[in-house]
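Next come the chains, spelled out residue by residue.
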Amino acid sequence: QVQLVESGGGLVQAGDSLRLSCAASGRTFSSYHMGWFRQAPGKEREFVAGVSVSGGSTYYADSVKGRFTISRDNAKNTVYLQMNSLKPEDTAVYYCAASGLKISTSTAYYAYWGQGTQVTVSA
């Protein structure tokens, strides 16, 4: 099992940057593909970014490509989401998730989820 705890959210202005962190418990973190998702009020949870077990492959939603960067440090059991040039439409609760199968844009492939961290971007 993997327990995930996100941190780093907050209230920022448009154009600012934030770095989210997701700390994982357990010695098998490096066996999981990791993803970041977000959910805005009244909307479905959507894929933001994913990283493979080694960190060698990354994937992004078109809406964040070029602005967000996902990375992981397996020695620290942590995955990061660097968010630059933030926009009001990035406002959401951000969740990290672990998949033992593959990186996917579908929540169904992710067995473990954190509790989420709120990101609010003002205009």
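Residues numbered from 1 in each chain as written. Predicted model: local features only at pLDDT ≥ 70, side-chain atom pairs only at ≥ 80, totals over all residues. Heavy atoms only, no water.

Caption draft 1: Looking closely at the overall build of the chain. Helix and strand counts for the chain stand at 0 helices and 11 strands. Mapped from its N terminus to its C terminus, the chain presents α and β elements in the order β-β-β-β-β-β-β-β-β-β-β. Over its C-alpha atoms the chain spans a radius of gyration of 13 Å, differing by no more than 12% from the 14 Å that the globule rule assigns to 123 residues. C-alpha atoms of the chain, sized along the principal axes, occupy 40 × 25 × 25 Å. Put simply, the chain has 123 residues, and 43% of those count as buried. Taking the contacts inside the chain whose residues are at least 6 apart along the sequence as the reference set, 57% of them involve residues at least 24 apart. For the chain, the exposed area adds up to about 6200 Å²; of that, 46% sits on carbon and sulfur atoms. (Helix = DSSP H or I, 4+ residues; strand = E, 2+ residues; numbered from the N terminus. Rg over C-alpha atoms; globule rule 2.2 N^0.38 Å. Buried < 20%, exposed > 50% of the residue type's maximum accessible area, 1.4 Å probe, protein only. Contact = heavy atoms within 4.5 Å. Areas by Shrake-Rupley, 256 points an atom, 1.4 Å probe, with all protein chains shown as cover.)

Caption draft 2: Representation of unusual backbone geometry in the model. In the Ramachandran plot, N77 falls in the positive-phi region, its phi being about 55° despite a non-glycine side chain. Its place among the elements puts N77 in the loop between β7 (68-73) and β8 (78-83). By relative accessible area, N77 is classed as buried at 19%.

Caption draft 3: Spatial organisation of the pattern of salt bridges. Inspection of the entire model under this criterion finds 4 salt bridges. The residue R38 makes a salt bridge to E46 at a minimum N-O spacing of 2.7 Å. Residue classification places E46 among the partly exposed residues on the basis of a relative accessible area of 36%. Look at the salt bridges and you will find they share partners, linking R38, E46, R67 and D90 into a network. (Salt bridge = Lys/Arg side-chain N within 4 Å of Asp/Glu carboxyl O.)

Caption draft 4: The arrangement of the sheet that holds β7 in detail. Strand order in the open sheet formed by 4 strands is β1-β3-β8-β7, and the pairing between neighbours is antiparallel. Strands with a single pairing partner mark the edges of an open sheet, and in this sheet they are β1 (4-7) and β7. On average, each strand axis in the sheet is tilted by 15° relative to the strand beside it, whichever way the strands run. Bridge analysis of β7 against β8 gives 6 bridges, and the strand direction is antiparallel. The residue of β8 that forms the bridge with D73 is T78. (Pairing = 2+ DSSP bridges. Axes fitted to C-alpha atoms, helices over the stretch in contact; angles between N-to-C directions.)

Caption draft 5: Summary view of the state of the cysteines. As enumerated under the stated definition, the model contains 1 disulfide in all. The disulfide partner of C22 is C96, and the S-S distance across this bridge is 1.9 Å. Residues C22 and C96 are joined by a disulfide whose S-S torsion is about 45°; by sign, that bridge is right-handed. Of this pair, C22 sits in strand β3 (residues 18-24) while C96 sits in strand β9 (residues 92-99), and the two are 74 residues apart along the sequence. In terms of burial, C22 and C96 fall into one category: buried. (Disulfide = S-S within 2.5 Å.)

Caption draft 6: Focus on the side chain of R67. Inspection of the secondary structure puts R67 in the loop between β6 (58-60) and β7. Of the polar contacts made by the side chain of R67, one reaches the side chain of D90; its length is 2.8 Å. With sequence-adjacent residues up to four places away left out, R67 is seen in contact with Q82, M83, N84, S85, L86, K87 and D90. (Polar contact = N/O pair within 3.5 Å; in protein donor to acceptor, adjacent residues only side chain to side chain.)

Everything listed here is a matter of coordinates, which is why it stays silent on function.
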